[in-house]
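The lines below spell out each chain.
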Amino acid sequence: MPPAASRTDRALELRDVSKYFGEFAALRKLRFRVAPRDSVFVYGPNGAGKTTLLRMLASLALPTEGHVFFGEQDLHQDPTEGKSAIGFVSHATFLYGDLTGRENLRFAGRLFGLRELEKRIDAALEMFAVRDRADQPVRDLSRGLQQRMSLARAFLHDPDFLLLDEPFTGLDTVSAENLRALLARLPEQGKAVVFSTHDFDQGASIARRLLAMEKGFVRYDGPLASAPLEQLRIKPKGGPA
Amino acid sequence: MHQATVVWTVFAKDVRVEWRNRETLALMCVFGLLLVFLFNFTLETTHEEALRTLPVVLWVTFAFVGILGFNRSFAAERENSCLEGMMLAPVDPGAIYLGKMLANFLFLAVAEVVVVIVASVWYNFSFVAALGWFVLIAFFGTLGYVAVGTIFGAIAANTRMREVMLPVLQFPVAVPIFIGAIEATGGALRGDAPGQFANWLKLLVAFSIVFVVLSYLLFEYVLEE
Amino acid sequence: MKKALSLNTHALVTLGWLFVALYMIFLYAPREETMGEVQRIFYIHVPSAITAFVAYFIVALGSVMYLAKRSPAWDEVAHSAAEVGFVFCSCVLVTGPLWAKPVWGIWWTWDMRLTSTFILWLLFVSYLMLRSYLVNPSRAATLSAVVGVVGAADVIFDYMSIRWFRTQHPQPVILGGPGSGLDPRMLATLLVSWGAFLCLFAFLLRLRVGLARAQRELGEIRRTFDMDLPEVQRGQ
């Protein structure tokens, strides 16, 4: 994947976004801005709204109130540029079990209208060390390999914003460490990363910024190093964050 | 230009998935054979009666076989939230609809060919004389049916009772197709002058156009959350 | 908000109008010569049918407006009209056979009006069933609006195809249509009864929409209950 010299200077931003599912409020008047090269760790208990937040940024969920902006463009009014700049990894892999990894990536690449697709596919497969498994039907792969294939799918179009919802799920120790190192390096490559994980230490070793959520609210948004962990009831396992 | 590629990509993906497992088509064909067998065997049709019952048997069979196909079509998409995966790309939801719709059309058409061949043997009835008109009627009847079935399949996939929900949504809306296709097929097979069943064919064509366009425009709402 | 007609007044007007209609149906309208007393069900049957079609029109209108404006109020109108319309449509399907049996000797015939009413009833049923199987309210609103719009387009095709079908397959000769050569007193009764049914429909619709709105507002209040989490700190 070519290292980009001049990446976008546009930010991805939630402006007073609320998302309600009937009586349940997943997000309440959320303000959140991801600048280019940002590195944000989204942390909070189950049901805090982390997944909805990431889906909202990925343009998969429509805000009940408020707007999602990519630069000065409303992501839902004119999604084309925004979608090309976003890569998303979710709980679901977005992969067809009957197709091989390569076919799945080719399908995704065509939807994104990518040029030099085969080269990009090889690069993405290489990045997650799944090239030798790429010609097997995805259904036959283990959960961890499927997760890596799904990561390759998200990185395929070389997006400026990577949104990852619990990306470490199902990965073995080595792959998890590789992914951790990869995510930590993304800002240097000019990309922004927003991710969630239940392992606070793991997240803290990647990101500079912490977004602590609870019940659809932002409880803290700022540098990870100076986060009031006790007030947020966060207990890191190994030493200072 | 890109959107035309998307239509083709989605269509080709569905065909490839089907080619891999061949599950849906096999299911549709076997189910179609079973229905025609039941109708043919229990009604003990004579050759004269065949002209009257055959159009009904064919279209009722097509209808049920189609429902199977539409349900399967979106079951595959649901498995790993693949529809959402498509929505991550900068594509027009309508293009996704058209791709899925064309794939559903192809699968139902293949199953229909199998059903018609078998019905022709069991009913001892030759379609050759009216083949041109019959193909035209079947084409538009199927197109209209698939146009509605694809959007309703996507809607039903969101519900708790998806397999049951689809026919409940589909059959009332498909009534004009049943009436039009059965009447037109009857006319064509009897060897009526085309003018006598042309109105029914026009109805099928109009239905197809209206519901392909309408579903194309509405599909955006079906995919959003 | 100023209401043109308060709900209570509306209820009284409806009640009064229904009594007037009842009086006219049973005492004012003359006895039909060939069909006898049973013909009086006509004054309930026909207004119900018209009301049911009006209801579906409102479902379609509410659906289109919801998709255009995304305001839950329009969805509530569509959903309520479907529920109330379903009741009137069912009424048509019950009174139809009650009328047909003594007069035609059969409970049911696939005549044009009965057939299209039956399909309308199916459309109401599928719309309401879909709603009951959807959990998330905003998703339910969007998906059922799509079904409402598709159904409305379909009603036109239903009507055309059934009409052509009936003209090709002549019916067993039954008595001339009830519209032919109507006695002026019969016509007046029909119109008054029709007005009463529409008034009743509007009343029920308002009640149901009010209920839906109350439910939504209750949900909004419940949502705000656990809103006591303060922001600890916001960095730059």
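The structure displayed is predicted, hence computed values, not measured ones.

Caption draft 1: Region of the structure containing the overall build of chain A. Broken down by element type, chain A carries seven helices and ten strands. A compact globule built from 241 residues would reach a C-alpha radius of gyration of about 18 Å, and chain A, at 18 Å, matches this within 12%. Pairs at least 24 apart in sequence give 67% of the contacts found in chain A among residues at least 6 apart.

Caption draft 2: Highlighting the overall build of chain B. Each helix and strand counted, chain B has eight helices and zero strands in total. For chain B, the α and β elements follow one another from N to C terminus as α-α-α-α-α-α-α-α. Relative to a compact globule of 225 residues, whose C-alpha radius of gyration would be 17 Å, chain B shows 18 Å and is just as compact. Here the C-alpha coordinates of chain B stretch approximately 55 × 35 × 30 Å along the principal axes.

Caption draft 3: Here's a closer look at the packing of helix H3 (residues 47–79) of chain B against helix H5 (residues 93–122) of chain B. Residue and element names in this part refer to chain B. In the contact formed by H3 and H5, the axes pass within 9 Å of each other and the chain directions differ by 145 degrees. The handedness of the crossing between H3 and H5 is right-handed. Where H3 abuts H5, its residues Leu-54, Val-57, Leu-58, Thr-61, Phe-62, Val-65, Gly-66, Gly-69, Phe-70 and Ser-73 lie against Lys-100, Asn-104, Phe-107, Leu-108, Ala-111, Glu-112, Val-115, Val-116 and Ala-119. Here the contact of H3 with H5 is built from residues that sort into twelve nonpolar, five polar and two charged.

Caption draft 4: Geometry of the packing of H3(B) against helix H6 (residues 131–156) of chain B. Residues and elements named next belong to chain B. Axis separation between H3 and H6 bottoms out at 9 Å; the angle between their running directions is 40 degrees. By the angle between their axes, H3 is oblique relative to H6. In terms of crossing hand, the pair formed by H3 and H6 is right-handed. Between H3, through Phe-62, Gly-66, Phe-70, Asn-71, Ser-73 and Phe-74, and H6, the contact on the second element is made entirely by Thr-142, Tyr-145, Val-146, Gly-149, Thr-150, Gly-153 and Ala-154. In terms of residue class, the contact of H3 with H6 is built from six nonpolar, seven polar and no charged.

Caption draft 5: Here's a closer look at the environment of Tyr216(B). Residue and element names in this part refer to chain B. With respect to the secondary-structure elements, Tyr-216 resides in helix H8 (residues 194–223). Residue classification places Tyr-216 among the partly exposed residues on the basis of 18 C-beta atoms within 10 Å. When the C-alpha atoms of Tyr-216 and Gly-144 are compared, they prove to be 13 Å apart, with 72 residues separating the residues in sequence. For Tyr-216, the residues in contact, after removing those within four places along its chain, are Gly-94, Tyr-97 and Leu-98.

Caption draft 6: Molecular detail of the confidence of the model for chain B. With 100% of its residues at a pLDDT of 70 or more, chain B has an overall mean of 93. For this predicted complex, the interface confidence score (ipTM) comes to 0.92, while the overall pTM stands at 0.91.

Caption draft 7: Quick look at the nonpolar core. Counting 211 residues, the largest nonpolar core has Phe41(A), Ala152(A), Leu163(A), Val194(A), Ile155(B) and Leu204(B) as the members making the most contacts within it. Here this core spans two domains, and each of domain 1 (9–85 + 159–241) and domain 2 (93–158) of chain A adds at least three residues to it. Those residues in contact with Leu163(A) that sit more than four places away from it in its chain are Leu54(A), Leu57(A), Ala58(A), Ile86(A), Gly87(A), Phe88(A) and Val194(A).

Caption draft 8: Inspection of helix H1 (residues 7–28) of chain C at higher detail. Residues and elements named next belong to chain C. With 22 residues, H1 should reach 32 Å at 1.5 Å per residue; the first-to-last C-alpha distance of 30 Å fits that figure. The set of residues buried in H1 consists of Ala-21, Met-24 and Ile-25. For H1, the angular spread of buried residues about the axis comes to 95 degrees, placing them on one side. What points out from H1, more than 90 degrees from its buried face, is the exposed set Asn-8, Thr-9, Leu-12, Gly-16, Phe-19, Phe-26 and Leu-27. Looking at the buried positions of H1, the neighbouring elements they touch are helix H2 (42–69) and helix H6 (184–225).

Caption draft 9: Broad picture of the interface of chain C and chain B. Facing 25 residues of chain C, the contacting portion of chain B comprises 26 residues. Only helix H4 (112–132) and helix H5 (137–168) of chain C provide two or more residues apiece to the side of chain C that touches chain B. Looking at side-chain class alone, the side of chain C that touches chain B contains 18 nonpolar, four polar and three charged residues.

Caption draft 10: Representation of the environment of Thr115(C) in the model. Residue and element names in this part refer to chain C. Tracing the chain through its elements places Thr-115 in helix H4. The exposure class of Thr-115 is buried, given the 20 C-beta atoms found within 10 Å. Sequence separation of Thr-115 and Asp-158 is 43 residues, and the distance between their C-alpha atoms is 9.1 Å.

Caption draft 11: Structural detail: the domain arrangement of chain A. Residue and element names in this part refer to chain A. Here chain A is described as being made up of domain 1 (9–85 + 159–241) and domain 2 (93–158). Each of domain 1 and domain 2 was reduced to a C-alpha centroid, and the two centroids are 24 Å apart. Classifying every residue of the side of domain 1 that touches domain 2 by side-chain character gives four nonpolar, four polar and one charged.

Caption draft 12: Spotlight on the pairing of strand E10 (residues 217–223) of chain A. Residues and elements named next belong to chain A. Along E10, five of the seven residues are buried, which leaves the element largely enclosed by surrounding structure. Pairing analysis gives six bridges linking strand E9 (residues 209–214) to E10, with the strands arranged antiparallel. Residue Leu-211 lies in a different strand from E10, and its bridge partner there is Asp-221. The hairpin turn running from E9 into E10, its antiparallel successor, is two residues long, and Lys-215 in that turn takes a positive phi close to 50 degrees.

Caption draft 13: Molecular detail of the pairing of strand E1 (residues 12–21) of chain A. All names here are of chain A. Relative to strand E2 (residues 24–34), E1 is paired through seven bridges, and the arrangement is antiparallel. Paired with Lys-19 across the bridge in E2 is Leu-27. If you look at the hairpin formed by E1 and E2, you'll find two residues sitting between the two strands, and Gly-22 has a positive phi there, around 65 degrees. Relative to strand E4 (residues 65–70), E1 is paired through five bridges, and the arrangement is antiparallel. Its bridge partner lying in E4, Glu-13 is registered against Phe-69.

Caption draft 14: Unusual backbone geometry, seen in detail. Residue and element names in this part refer to chain A. The phi dihedral of Lys-29 is positive, around 45 degrees, even though this residue is not glycine. Residue position: Lys-29 is located in strand E2. Under the C-beta neighbour-count criterion, Lys-29 is labelled partly exposed, with 16 such atoms within 10 Å. For Glu-166, which is not a glycine, the phi torsion comes out positive at approximately 50 degrees. Counting through the fold element by element, Glu-166 comes out in the loop between strand E7 (161–165) and helix H6 (173–185).

Caption draft 15: Quick peek at the sheet that holds E2(A). Ordered in space as E2-E1-E4-E5 (chain A), the four strands form an open sheet in which the pairing is antiparallel. Edge positions in the sheet fall to E2 and strand E5 (73–74) of chain A, since each has one partner strand and no second.

Caption draft 16: Spatial organisation of the environment of Pro176(B). Here Pro176(B) shows up in helix H7 (residues 162–190). For Pro176(B), a count of 27 C-beta atoms within 10 Å gives the class buried. With 27 residues separating them along the chain, Pro176(B) and Leu203(B) place their C-alpha atoms 8.2 Å apart. The residues touching Pro176(B), leaving out its near neighbours within four places in the chain, are Leu203(B), Phe207(B), Phe157(C), Asp158(C) and Ser161(C).

Caption draft 17: Representation of the confidence of the model for chain A. On average, residues of chain A score 91 in pLDDT, and 95% of them are at 70 or above. pLDDT under 50 marks residues 1–6 of chain A. Its contacts with residues more than four places away, or in other chains, come to four contacts.

Analysis parameters
Residues numbered from 1 in each chain as written. Chains lettered and ligands numbered in written order. Predicted model: local features only at pLDDT ≥ 70, side-chain atom pairs only at ≥ 80, totals over all residues. Helix = DSSP H or I, 4+ residues; strand = E, 2+ residues; numbered from the N terminus. Rg over C-alpha atoms; globule rule 2.2 N^0.38 Å. Contact = placed C-beta atoms within 7 Å. Axes fitted to C-alpha atoms, helices over the stretch in contact; angles between N-to-C directions. Left-handed = near helix turned anticlockwise from the far one by under 90°. Nonpolar A, V, L, I, M, F, W, Y, C, P; charged D, E, K, R; others polar. Parallel < 35°, antiparallel > 145°, perpendicular 65-115°, else oblique. Buried ≥ 20, exposed ≤ 12 C-beta atoms within 10 Å, placed from the backbone. pLDDT = per-residue confidence, 0-100. Core = buried A, V, L, I, M, F, W, Y, C linked by C-beta atoms within 7 Å. Domains from an automatic or database assignment. Expected span 1.5 Å × (residues − 1). Arc of directions from axis to C-beta. Pairing = 2+ DSSP bridges.

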